[in-house]
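Observations on chain architecture
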Amino acid sequence: MDIRKFVRPNIRSLKAYHAEEIPCKVKVDANESPYSAISNQQSAISLEKTLQALNRYPDPEAKVFRRLIAKDLHVKPENILHGNGSDELIYYVITTFGGPVLYPVPAFSMYGIISQALNEKKIGIPLDDNFDLDMGKMLGAMKQHRPKLIFLSSPNNPTGNCFSTGKILEIIKRASSVRHQSLVVVDEAYQPFSGKNEFLPMMDKFNNLVVMRTLSKIGLAGLRLGFLIAGEEIINEVNKVRLPFNVNALSQAVAIMALKNKNPVRANIASVISQREALRTALDNIDGITPYPSDANFILFSVAGADRIYGRLLRKGVLVRNMSGVIRDCLRVTVGTPEENKIFLKALKDILRH
Ligand code: PMP
């Protein structure tokens, strides 16, 4: 039997998400933190109880995790929904509400991949020349396509900048009007590095607003834990499509540990922010490199012949993300440890010199 023909057409034409698994000395391609958010002293002792109870299913409602997050964010646990990474929550939100799904491009690729997997129409609207929202085009597309969902990642991946607050607000407002009726998901995966917290307080005013965050960028990518913050009505609907035990017991236990002692996470974020600024200045000082401003834990930069530079960096053991298929002649580098940043910068300078 021809399996390819047996597959639904929208899946047949879909390309699987590809994450590079190339062995390298310096891995600065995936916007992870270079530091773990769990200290050595914390780990072994606190996990003992969880390990002994692995014969049982995990808490399906992740009650302790949700309570701790809710307390931090001054909302109720009923306003929080846990996901196996925010990737899974994007899946759940699109499954629950359906499309069309609208988002600016370039954006995080999973909005498009998941829309297609679920056979929902996807509409990508180009950003303006400053990588900010192009309001003429965004509002025009809202009017024309009447999207059920709008995803806005701010700070945006891969550009690194936050979109203008006023523009996001305008979209949320328009989307809440009787004429438009869209849910707006503000994806704040990189919020800890911008420090901006403008949309959570808006939740009381706009019941079409969903904020999405994750532990992945602050030293816990291996746990796969993301969460939605939204009105109870939205949370209850999305919760219907959530798989019962979507976040495993070990991930819940480690996340709780990290939330009870936030010092490693805080130190982690502070270090990445200060290293980001140093890295940006250093990139700015290299002839032929133009780094873009970043509110995130990575920097997008343009360089002539980006494809070639990407390959040569890799041969020197440095793995960055090649973005030139999305933004001409651009590479994206994640902020690493001071040592990793030094190795990356030296490799880049050597390549440009020869
Ligand atoms: N949103 C954005 C904007 C991202 O860049 C990423 C990770 N690359 C995610 C969501 C997914 O994060 P998670 O690890 O929580 O699935």
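You'll find the structure just up there.
Right, let's walk through the structure included here. (Residues numbered from 1 in each chain as written. Predicted model: local features only at pLDDT ≥ 70, side-chain atom pairs only at ≥ 80, totals over all residues. Heavy atoms only, no water.)

Another point: the environment of glutamate 233. Tracing the chain through its elements places glutamate 233 in helix α10 (residues 232-239). Between the alpha carbons of glutamate 233 and asparagine 79 there is a distance of 8.8 Å; along the sequence they are 154 residues apart. (Helix = DSSP H or I, 4+ residues; strand = E, 2+ residues; numbered from the N terminus.)

As a further point, take the nonpolar core. Within soluble globular proteins, side chains that are nonpolar generally end up buried alongside one another. Core analysis: the biggest nonpolar cluster contains 89 residues, and Phe65, Ile171, Leu283, Leu313 and Phe344 have the highest contact counts within it. Ranked by residues supplied to this core, first place goes to helix α11 (residues 249-260) with seven residues. A domain split of this core shows at least three residues from each of domain 1 (3-30 + 264-353) and domain 2 (56-260). Residues in contact with isoleucine 171, not counting those within four places in the same chain, are Leu133, Met135, Met138, Leu139, Met142, Ile150, Leu152 and Val184. Within the second largest apolar cluster, 24 residues are counted, among which are Leu89, Ile90, Val93 and Tyr103. (Core = buried A, V, L, I, M, F, W, Y, C linked by side-chain atoms within 4.5 Å. Buried < 20%, exposed > 50% of the residue type's maximum accessible area, 1.4 Å probe, protein only. Domains from an automatic or database assignment. Contact = heavy atoms within 4.5 Å.)

Once that is clear, we can look at the sheet that holds strand β13 (residues 330-334). Pairing is antiparallel in the open sheet, where four strands are placed in the order β9-β10-β13-β12. Bordering the open sheet on either side are β9 (289-291) and β12 (321-322), each of which pairs with just one other strand. Relative to strand β10 (residues 298-303), β9 runs antiparallel, the two being bridged by three bridges. When the bridges of β10 are listed, proline 291 appears paired with phenylalanine 301. Sheet contacts for helix α13 (residues 306-315): β10, β12 and β13; angle to β13, the most-contacted strand, approximately 35 degrees. Where helix α14 (residues 338-353) meets the sheet, its contacts fall on β9, β10 and β13, and the angle it forms with β10 comes to roughly 5 degrees. (Pairing = 2+ DSSP bridges. Axes fitted to C-alpha atoms, helices over the stretch in contact; angles between N-to-C directions.)

Moving on, we come to the environment of valine 303. Tracing the sequence through the fold places valine 303 in strand β10. Residue classification places valine 303 among the buried positions, given a relative accessible area of 3%. Spatially, the C-alpha atoms of valine 303 and glycine 160 are 17 Å apart, while their sequence positions differ by 143 residues. Among residues more than four places away in sequence, those in contact with valine 303 are Gly288, Ile289, Ile309, Asp329, Leu331 and Leu352.

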